[in-house]
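# Topology and contacts: notes
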Amino acid sequence: MIAFQNINKTFKTKTILKDISFTINEGQIIKITGSNGCGKSTLLKIACGLIKPTSGQVIYDKYQNHIGALTENPSFIEDDNIYNNLKYLYNLKNTFDENKVATLCQQMHLDLYEKLPMKKYSIGMRQKVAFIQAVMEDQKIIYLDEPTRGMDEESVQQFYQMIEQLHNENKTIIICTHEKLESITFDKEYQIDNGIIS
């Protein structure tokens, strides 16, 4: 279970999140919607531990060290290729599983051995690489921020299939998006409006 308890976040004088509280059970797929700038990305970054809330806390009953995330505007080693980027990220905690990563890339219509530097990748291609990074180490909790941004229809359909596969593996998945993503069956849907969740 993941419990968001009274999360508040203020940047200077602007309050982004106001007393956010809800829980997510293991194996659920959760959708969080809201307009641009409503606080979706901020909440996700708090959940991942990338930034701290002004007050409140996120409590994990397990798997706090098994989190994968596709964050807003994912960053890479821009002058290097996809292989070296994913190998570097994988090796931070584990030993690079080249066959597994190559298969994931193939599923998302990418070539792990493409020599093109990341700075030449389109937005959709970067999203796909970031998604692979978020799931390639068998992460148990997966946070995805606008995961289909810039993807073509074929890639979106493959994304749906991979989400279904992850769900069948009992992964907990939280997707922040303004897209409908109608092919995904969500256990719960929340909306953030003016910093308040409903």
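Higher on the page you've got the structure.
Residues numbered from 1 in each chain as written. Predicted model: local features only at pLDDT ≥ 70, side-chain atom pairs only at ≥ 80, totals over all residues. Heavy atoms only, no water.

### Re the sheet that holds strand S1 (residues 2-11)
- The three strands lie next to each other as S2-S1-S4, forming an open sheet whose pairing is antiparallel. Because the sheet does not close on itself, it has two edges, and the strands there are strand S2 (14-24) and strand S4 (55-60). Geometrically, the sheet is characterised by an average inter-axis angle of 15° between neighbouring strands, direction not taken into account.
- Where S1 and S2 come together, seven bridges link them in antiparallel fashion. Among the inter-strand pairings, Ile2 is bridged to a residue of S2, identified as Ile24.
- Contacts from helix H1 (residues 40-48) reach S1, S2 and S4, with the element oriented near 120° to S1. (Pairing = 2+ DSSP bridges. Helix = DSSP H or I, 4+ residues; strand = E, 2+ residues; numbered from the N terminus. Axes fitted to C-alpha atoms, helices over the stretch in contact; angles between N-to-C directions. Contact = heavy atoms within 4.5 Å.)

### A closer look at the environment of Pro117
- Along the polypeptide, Pro117 turns up in the loop between helix H3 (98-107) and helix H4 (123-135).
- Pro117 sits in the buried class, given a relative accessible area of 19%.
- Pro117 sits 36 residues away from Asn81 along the chain, and the two C-alpha atoms are 4.4 Å apart. (Buried < 20%, exposed > 50% of the residue type's maximum accessible area, 1.4 Å probe, protein only.)

### Here we look at the sheet that holds strand S3 (residues 29-33)
- With respect to topology, six strands assemble into an open sheet ordered S5-S6-S7-S3-S8-S9, the strand pairing being mixed. Two strands bound the open sheet, and with one partner strand each, they are strand S5 (67-70) and strand S9 (196-197).
- In this structure, S3 lies alongside strand S7 (residues 172-176), joined through four bridges in parallel fashion. Opposite Ile32, over in S7, you have Cys176 as the bridge partner.
- Strands S5 and strand S6 (141-145) of the sheet are contacted by H4, whose axis makes an angle of about 175° with S5.
- Against the sheet, helix H5 (residues 153-168) engages S3, S6 and S7, with an angle of about 145° to S7.

### Re the state of the cysteines
- With the rule as written, the count across this model stands at zero disulfides.
- Cys38 takes part in no disulfide bond, and the closest cysteine sulfur, belonging to Cys176, lies 8.2 Å away.
- We note that Cys48 lacks a disulfide partner, and the nearest cysteine sulfur, in Cys176, lies 9.0 Å from it. (Disulfide = S-S within 2.5 Å.)

### Observations concerning H4
- With 13 residues, H4 extends 19 Å from end C-alpha to end C-alpha; this agrees with the ideal 18 Å at 1.5 Å per step.
- Along H4, the residues classified as buried are Gly124, Arg126, Gln127, Lys128, Val129, Ala130, Phe131, Ile132, Ala134 and Val135.
- Contact partners of the buried residues in H4: S5, helix H2 (82-91), H3, S6 and H5. (Expected span 1.5 Å × (residues − 1).)

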